[in-house]
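# Summary of the model geometry
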Amino acid sequence: MKKLIYPVIITEENDEDGHYFGVSSPNIEGMVTQGKTLEDAVYWAEDAIATMLEGEEYPKPQDPRTWKLEPNESVVYVTVDMEKWLRSKSPKIRKNVSVPEYLVDLGKKEKINFSQLLTEALENKLLND
């Protein structure tokens, strides 16, 4: 599993657009995002980092102690689980499977989502063994 940790610069802004948190990363050129709250900004930073690094070689994180920050800026570390992110963006493919009729009936009664159950079982078998 490939988990990446990058320091980002969070900038708290109060301007004509209101109050928000901007995010940039000296590690990843051009990576900029924002959020209304700090938590929201970190969430979108994770997505932005993963999007920009998809299919790329992962740059080595810089040491943020060398960065010059403004009073409204702070360093936050963002963790990106690239494997999980790539799986979540993977297109769905229709597969036909044969299931005994009695299991279909029982599954309907229990309101089981067969696609979700099969996906979870395959992930458990293939990714956790």
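First things first, this report covers the structure right here in the doc. (Residues numbered from 1 in each chain as written. Predicted model: local features only at pLDDT ≥ 70, side-chain atom pairs only at ≥ 80, totals over all residues. Heavy atoms only, no water.)

### Topic: the sheet that holds strand β1 (residues 3-15)
Threshold: Strands are labelled as partners when DSSP assigns at least two bridges between them. Working definition: helices are DSSP H or I runs of at least four residues, strands are E runs of at least two. Numbering for both runs from the N terminus. Orientation is described by lines fitted to C-alpha atoms, with helices fitted over the stretch in contact, and by angles between N-to-C directions that extend from 0 to 180 degrees.
Taken in spatial order, the four strands make up an open sheet running β3-β2-β1-β4, and their pairing is antiparallel. Strands at the two margins of the open sheet, each flanked by one partner only, are β3 (32-35) and β4 (73-81). Geometrically, the sheet is characterised by an average inter-axis angle of 35 degrees between neighbouring strands, direction not taken into account. Sheet topology places β1 next to strand β2 (residues 18-24); seven bridges connect them, and they run antiparallel. By the bridge assignment, Glu12 is partnered in β2 with Phe21.

### Topic: the nonpolar core
Defined as follows: Buried residues of nine kinds, namely Ala, Val, Leu, Ile, Met, Phe, Trp, Tyr and Cys, make up a nonpolar core once their side-chain atoms join them within 4.5 Å. Using a 1.4 Å probe on the protein chains alone, a residue whose accessible area is under 20% of its type maximum counts as buried, one over 50% counts as exposed, and one in between counts as partly exposed. When checking whether two residues touch, look at their non-hydrogen atoms; a contact exists if any pair is within 4.5 Å.
Grouped together as the largest cluster of nonpolar side chains are 19 residues, with contacts concentrated most on Val8, Ile10, Val23, Met31, Ile49, Leu53 and Val80. When residues of this core are traced back to their parent elements, those giving at least two are β1, β2, α1 (38-53), β4 and α2 (82-89). Here this core takes six residues from α1, the largest share from any one element. Look past the residues within four positions of Val23 in its chain and what remains in contact with it is Val8, Ile9, Ile10, Met31, Val32, Thr33, Ala41 and Ala45.

### Observations concerning the layout of surface pockets
What counts, and what does not: In this analysis the probe radius is 1.4 Å and the grid spacing 1 Å, with only protein atoms considered; a cavity is a set of points the probe fits into but cannot get out of, a pocket is an open set with protein on both sides within 12 Å along at least five of seven lines, and lining residues have an atom within 4 Å of a point. Grid points are joined across faces, edges and corners, and a volume is the space filled by probe spheres set on the points. Nonpolar residues are Ala, Val, Leu, Ile, Met, Phe, Trp, Tyr, Cys and Pro. Charged residues are Asp, Glu, Lys and Arg, and all others, Gly as well, are polar.
Of the pockets and cavities examined, the largest pocket occupies roughly 910 Å³. In terms of lining residues, the largest pocket is bounded by 21 residues, among which Lys92, Ile93, Ser115, Thr119 and Leu122 are the most central. For the lining of the largest pocket, the leading source of residues is helix α4 (residues 114-127), giving eleven residues. Of the residues contributing to the lining of the largest pocket, the split by class is ten nonpolar, five polar and six charged. Its boundaries defined by the atoms lining it, the second largest pocket holds a volume of some 180 Å³.

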